[in-house]
Each structure stands twice: as structure tokens, then as C-alpha cells.
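Understanding the architecture of this molecule
One letter stands for each residue in the lines below.
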Amino acid sequence: MAVLLLAEVNDGALSMDATAKAVSAAKALGDVTVLCAGGSAAAAGAEAATIEGVAKVLVAEDAGLSHRLAEATADLIVSLAGDYEHIVAPATTDAKNVMPRVAALLDVMVLSDVSGVVDASTFERPIYAGNAIQTVKTGDAKKVITFRTSTFDAAGTGNSAPVETIGGASSDLSSWVEDKVAVSDRPELTSAGIVVSGGRGVGSEEDFKIIEALADKLGAAMGASRAAVDSGYAPNDWQVGQTGKVVAPDLYIAVGISGAIQHLAGMKDSKVIVAINKDEEAPIFQVADYGLVADLFTAVPELTEKL
Amino acid sequence: MKVLVPVKRVIDYNMKAKVKSDGSGVDLANVKMSMNPFDEIAVEEAIRLREVGKAEEIVAVSVGVKQAQETLRTALAMGADRAILVIASDDVHTDIEPLAVAKILKAIVDEQQPGLVLCGKQAIDNDMNATGQMLSALLGWSQATFASELSVDGDSAVVTREVDGGLQTIKVKIPAVVTVDLRLNEPRYASLPNIMKAKKKPLDEKTAADLGVDVAPRLEIVKTSEPAARQAGEMVPDVDTLVAKLKEKGLV
């Protein structure tokens, strides 16, 4: 059966990593048609056509689809839904905004953050902040799914799938006002090979510079615990955890992070975890491959210097 | 304007969920239950809207088991004016799916005619992050998810949303469904006098059947298992040893 996959497109640009990981998760379900929707989406569509395993790309360009507003994007997907048994997307904030709306309009349940595909109707997903993995079998005729990208490898490129332009959609229910997007030379948090994260123990926005220096030395992405974001030490888009981003880099360095369940939910699938904390009882040490009990204000600069 | 705030009774966020040995689910018997933390933020925001004269009445709604009365009493103690409990199950281990909850909430919205539904962005038990979006779809309303700032002005609301790249601000027509994120506010604690007063506030009970909603699940739970445990690691005495270990593994 056929799969419709909503590509991650921001301001006309394809997020290759998230989209290619979702393609790799969806390939087993059937022929994958990728939908690139936005105010401009043609360039994203051309790029999506290179992903291995993509059978076809649909490009929908419409001012009403810019900024991924949920109402218009959901209407567009529902108008295409008839041809597909699975309607899927990477589990980004954009897709989590849109896909439950799509599911309700189709009178089916949504399966959020799916981490494993058992068969075309049976899926695994983490619940309770990843403290349990639930295997569920859906009885719905159409399956609406978001895939947790950190658990799937990105599909390769080199394909040249056909691209078709389709009509757009718009809605007057909501309108875009502005984006405040952090500009950074660092790698993207969810696809970085190394992530350096700071917690409440760092103590201030100013002192986060110590952690950032380590990240920059390693060419790493920056992350933060919820406590650090809540305290205003770090921006919201750095948050790793149950309700923030889920990452699984080759190396995750947690600095001044105690290791609350909610934080572990976002990073415990990292290949190697290093924890630096002055509290030897901190729960983060229970999941760390290498633990160092030390004052971060001396240990982190020393680490930055010696790496 | 009336504001409707759906609240869910979930495992307390400080408790670690334990998977039942027979794989049938997470053990919730004799576990501390509380209001879903995101829903507390929604209740708080509704109260703040009333405090600045943007909302007249706050109605808290919960869908689930009879014990969700306690969750509603918490919302009333924080400051909600009245509450509606929709009993949809008599087993504390039955999680009513977001689609069914959204259908029940739609029936309540049709009856109560709020201008705004404020709800948590996700429940910390099923982590589905779906009910608000689904309710908005069923109502044909606008939606603003993951709100970190909200201002209501006449027939529209301006909402700043926490998204992957940073923050996005959108304007939505009212009536709207807004789902709230962590940074929107810090919920107040209910004072003892308010806890006492809450016991006298109206709490209506209905059943899903009264509202004509079928809550039969669409998803069959095949099994619930423990996640793969991480191997115990080692403590290193100093930075030099750490650097050596990381180099040995080819990580840096």
C-alpha cells in the first residue's frame, strides 16, 4: 500500500535529516510519496526526490501553506488522503502540530513518536517519558504516524524520483506574525554527532559560555535541561527531554545535569554518555558510560583545553 | 468569554512508571496521581486571563475515571469556577484515547460555548501530544499549539509557540484551541482556604454515553515492556582519564 510522507520544509528549505530518517522508517510500509508543502517548496521537492526509497514527490506551493500553519496544511493532507493507507511525518514540532489534526479530520487515532515498525498496523512507541515501550496495533483503515527520528537511520541519496506539482490550500483561521529563530553555526541538535548539554548546575546564562566553548571545540550541538531553560540560562530550542527534543548522538556530554526522568527521556539512547556533576549521587551517573565527579567550572575548561 | 480547561489525572511527575510484569501496562495501583503538569499551566493561564478581565468564567473538565474528581477539585482550588467530570471508564488502568477525549470535549464545547479552550500540550502518561489538535479539528476552530505566550484581544489571540527552530508567533481567530507549553507561566499553589472553598464549587458528573460518544479504543495494546537498560558505566577520577577514554573510543 502507499504511504504519504509530509516532508519537513521550513522557509522553502528541506530538512534533509528529519525527512530522510522518516523515509527510512516508512519504506517498509509501501511506496513512499513525499509531500513538500509551503509558500515555496519546489527546491525542497527537488531535493526530496534524491532520497533513496522515495517513489514520487508532490510539491504544493501556496502562500496559505507558508509557515506550516496547521489548519491549511491539515486540509491539504486530508484532500490527498484517499490514495494512501499510511500518512506519516518525522516527529518534529511542525508535524506534531499538524498530524493529530489530520487524524481527527479522518476520524482515526494518531500514533505519535513511533520508535519501531513491527508490521503495517503494529508499532512501538515510548510512553511515560520512555520508561515503558508500548506495542500497539491500530484497527483504523488509515494510519497517521509521526516517527521519532532519533531511532531511525537516514535513508541515503542518489535517487531521482518524479516530481509532480499539485494545488495548494489556505485557511483564514490563523495567520503568521513572526519567527524568532536562533542563528547558529553549530550543527543541528537532533542530527549532531556530539551534543554538549548544560543543566541548572551551570548557574547562569553567562556561565553557559563555559559549556559552549566545549561544544565549539568539539564541533558539537548545544543542548540544555528543562531546568536550565526554565531558569533562562538557555533558549527553548536547546531543550532535550520528554517534552523537548529527543537526541541520540554518538557522544552526549551532560554538564551540571542531575538527570531527572524527563531529561533522560530525551538522551538515554545516545551511544556514549559522559556526565560531569559535583554531586556523586546525581541520577545521571546511573546512565553515564563515563562519570566524573567534579566542579564543572574547573573540569569543563580543563576538558576544553585538553581535547 | 468563557474558558474551558480540560485536565487529566495522571501519574505524579515525580513517580517513576513501573511496567507490570505481565506486560499488560504500567502499574497505577497505589501510585500517587496528580494533575498533568501541562494542564496546571493551562488552568493558571485561564485564571490570569480572568484576572485581567479577558475571561469571565473558567470551566474545568476531566474525562476518565471517577477519581478524576480529585483532579477537578485541584483545578477548582486553583481558581476554576466550576467543573464537569465525564466518566468514561471504571478502571484506572484504562487510558481513554485522545480521539475519544476530543469527541467528548467537542460535545462539552457544543454545550458550554466557550471562546477559548486552553489545554496542556501533552499528557505525561501516554505522551501522545494530540488531544488539543484533534479537538480543534473536530470543532473546525483555529489552533495554536505549544504556547509560551498568549494574549487575547477581542476576536483574536496572539500566541508565541515553542517550535524546533526557536519561537513562532501566530494570530488565531477566536474561538480557538490553545495548547500550552512549559514556559507559559508558573502555576500557583492552591491555598488552604481555597482548597476548602473548592469543595463547595459545583462539579457536574456525566458519562461518555450521556454525550453519545463511543470511547472504544482504536489502538489495541499488544504489550508494554521495559525499555532496554543501559549498561553500567565507570567513574573516572579526573579530566585526563576522561580525555584518554574518549580518545581510545575514537569519539574525539
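Residues numbered from 1 in each chain as written. Chains lettered and ligands numbered in written order. Predicted model: local features only at pLDDT ≥ 70, side-chain atom pairs only at ≥ 80, totals over all residues. Heavy atoms only, no water.

The name recorded for chain B in an unreviewed UniProt entry is Electron transfer flavoprotein subunit beta, from Salipiger thiooxidans. The record in UniProt for chain B states the following under Sequence similarities (unreviewed entry): "Belongs to the ETF beta-subunit/FixA family." UniProt, in the comment section headed Function (unreviewed entry), describes chain B in these words: "The electron transfer flavoprotein serves as a specific electron acceptor for other dehydrogenases. It transfers the electrons to the main respiratory chain via ETF-ubiquinone oxidoreductase (ETF dehydrogenase)." (UniProt positions renumbered as here; feature names shortened; annotations may be inferred.)

Looking at an unreviewed UniProt entry, one finds chain A named Electron transfer flavoprotein subunit alpha, with Salipiger thiooxidans as its source organism. The Sequence similarities (unreviewed entry) field of the UniProt record for chain A holds the comment "Belongs to the ETF alpha-subunit/FixB family."

1. Description of the pairing of strand E11 (residues 143–147) of chain A
Residue and element names in this part refer to chain A. Of all five residues in E11, five are buried, a share of seventy percent or more. With five bridges joining them, strand E6 (residues 86–90) and E11 adopt parallel strand pairing. Along E11, the bridge assignment pairs Pro90 with Phe147. Summarising the sheet, strand E7 (residues 110–114) and E11 pair through three bridges and their orientation is parallel. Of the residues in E11, the one forming a bridge with Leu111 is Ile145. (Buried < 20%, exposed > 50% of the residue type's maximum accessible area, 1.4 Å probe, protein only. Helix = DSSP H or I, 4+ residues; strand = E, 2+ residues; numbered from the N terminus. Pairing = 2+ DSSP bridges.)

2. Comments concerning the pairing of strand E4 (residues 31–38) of chain A
Residues and elements named next belong to chain A. Extensive coverage of E4 is indicated by the burial of seven of its eight residues. Pairing of strand E1 (residues 2–6) with E4 involves five bridges; the strand directions are parallel. Paired with Leu5 across the two strands is Val34, which belongs to E4. Examined bridge by bridge, E4 and strand E5 (residues 54–61) share seven bridges and lie parallel to one another. What sits directly across from Ala37, in E5, is Ala60. With helix H2 (residues 42–48) bridging E4 and the parallel E5, this β-α-β connection has right-handed handedness. (Right-handed = clockwise from strand over helix to strand, strands pointing away.)

3. Quick word on the UniProt feature "domain: Electron transfer flavoprotein alpha/beta-subunit N-terminal" (unreviewed entry) in chain B
Taking the numbering used here, the UniProt-annotated feature "domain: Electron transfer flavoprotein alpha/beta-subunit N-terminal" (unreviewed entry) corresponds to residues 23–215 of chain B. When the span residues 23–215 of chain B is considered, its composition is 30% helix and 31% strand, and the gap between its end C-alpha atoms is 23 Å.

4. Brief notes about a nonpolar patch on the surface
Among the surface-exposed residues, B:Leu192, B:Ile195 and B:Met196 lie close enough to one another that they form a single nonpolar patch of about 290 Å² accessible area. Here B:Leu192 lies in helix H5 (residues 192–198). (Patch = residues over 30% accessible without salt bridge, like charges linked within 9 Å, V, L, I, M, F, W, Y side chains within 5 Å. Areas by Shrake-Rupley, 256 points an atom, 1.4 Å probe, with all protein chains shown as cover. Salt bridge = Lys/Arg side-chain N within 4 Å of Asp/Glu carboxyl O.)

5. Some thoughts on helix H4 (residues 131–139) of chain B
The element H4(B) is extensively covered by neighbouring structure, given that seven of its nine residues are classed as buried. Restricting attention to buried positions, one finds in H4(B) the residues B:Gly132, B:Gln133, B:Met134, B:Leu135, B:Ser136, B:Ala137 and B:Leu139. Residues of H4(B) that are buried make contact with helix H4 (93–105) and E7 of chain A together with helix H3 (98–112), strand E6 (116–120), strand E7 (142–153) and strand E10 (176–180) of chain B. A positive backbone phi angle near 70° is found at B:Gly140, which sits one or two residues after H4(B). (Contact = heavy atoms within 4.5 Å.)

6. Some remarks on the packing of aromatic side chains
For the coordinates displayed, the defined rule picks out two aromatic pairs over all chains. Relative to A:Phe152, the ring of A:Phe147 has its centre 5.5 Å away and its plane inclined at 75°; by these criteria the two rings are edge-to-face. For the ring pair A:Phe208 and A:Trp238, a centre distance of 6.1 Å and an interplane angle of 40° mean the geometry is tilted. Taken together, the residues A:Phe208 in helix H5 (residues 208–218) and A:Trp238 in the loop between helix H6 (226–230) and strand E16 (251–255) connect sequence positions 30 residues apart. Relative accessible area serves as the criterion here: at 0%, A:Phe208 is assigned to the buried category. By relative accessible area, which is 14% here, A:Trp238 ends up buried. If you follow B:Lys121 out to its NZ or CZ, it ends over the ring of B:Phe146, 5.5 Å from the centre. (Phe/Tyr/Trp six-rings, centres within 6.5 Å; stacked < 30°, edge-to-face > 60°. Lys NZ or Arg CZ within 6 Å of the ring centre and 35° of its normal.)

7. Some thoughts on the sheet that holds strand E11 (residues 203–207) of chain B
With mixed pairing, ten strands are arranged side by side in an open sheet as E13(A)-E9(B)-E8(B)-E7(B)-E10(B)-E6(B)-E1(B)-E4(B)-E5(B)-E11(B). Of all the strands in the sheet, just strand E13 (174–181) of chain A together with E11 of chain B have a single pairing partner and so form its edges. Neighbouring strand axes in the sheet, compared pairwise and without regard to direction, differ in orientation by 30° on average. Bridge count for strand E8 (residues 156–163) of chain B against strand E9 (residues 166–173) of chain B is eight bridges, and the pairing is antiparallel. Within the sheet, the bridge partner assigned to B:Arg161 lies in E9(B) and is B:Gln168. Its contacts with the sheet put H4(A) on E7 and E8 of chain B, and the angle it makes with E7(B) is roughly 100°. (Axes fitted to C-alpha atoms, helices over the stretch in contact; angles between N-to-C directions.)

8. Here we look at the interface of chain B and chain A
Every contact between the two is made by 75 residues of chain B and, on the other side, 83 residues of chain A. Both sides together, the interface formed by chain B and chain A hides about 6800 Å², and carbon and sulfur atoms give 56% of it. Here chain B is connected to chain A by seven salt bridges. For the salt bridge of A:Asp140 with B:Arg218, the shortest nitrogen-to-oxygen distance reads 2.8 Å. Where chain B packs against chain A, one counts 45 residue pairs in polar contact (both at pLDDT 80 or more). Of all the secondary-structure elements, those providing two or more residues to the side of chain B that touches chain A are H3, H4, E7, E8, E9, strand E12 (219–225), strand E13 (234–235) and helix H6 (239–248) of chain B. Per-element tally for the side of chain B that touches chain A: the top contributor is E9(B), with eight residues. Here the residues of the side of chain B that touches chain A are counted per class, giving 36 nonpolar, 16 polar and 23 charged. As paired elements, E13(A) and E9(B) share seven bridges and run antiparallel to each other. By the bridge assignment for E9(B), A:Asp179 is matched with B:Gln168. (Buried area = accessible area lost by both parts, 1.4 Å probe. Polar contact = N/O pair within 3.5 Å; in protein donor to acceptor, adjacent residues only side chain to side chain. Nonpolar A, V, L, I, M, F, W, Y, C, P; charged D, E, K, R; others polar.)

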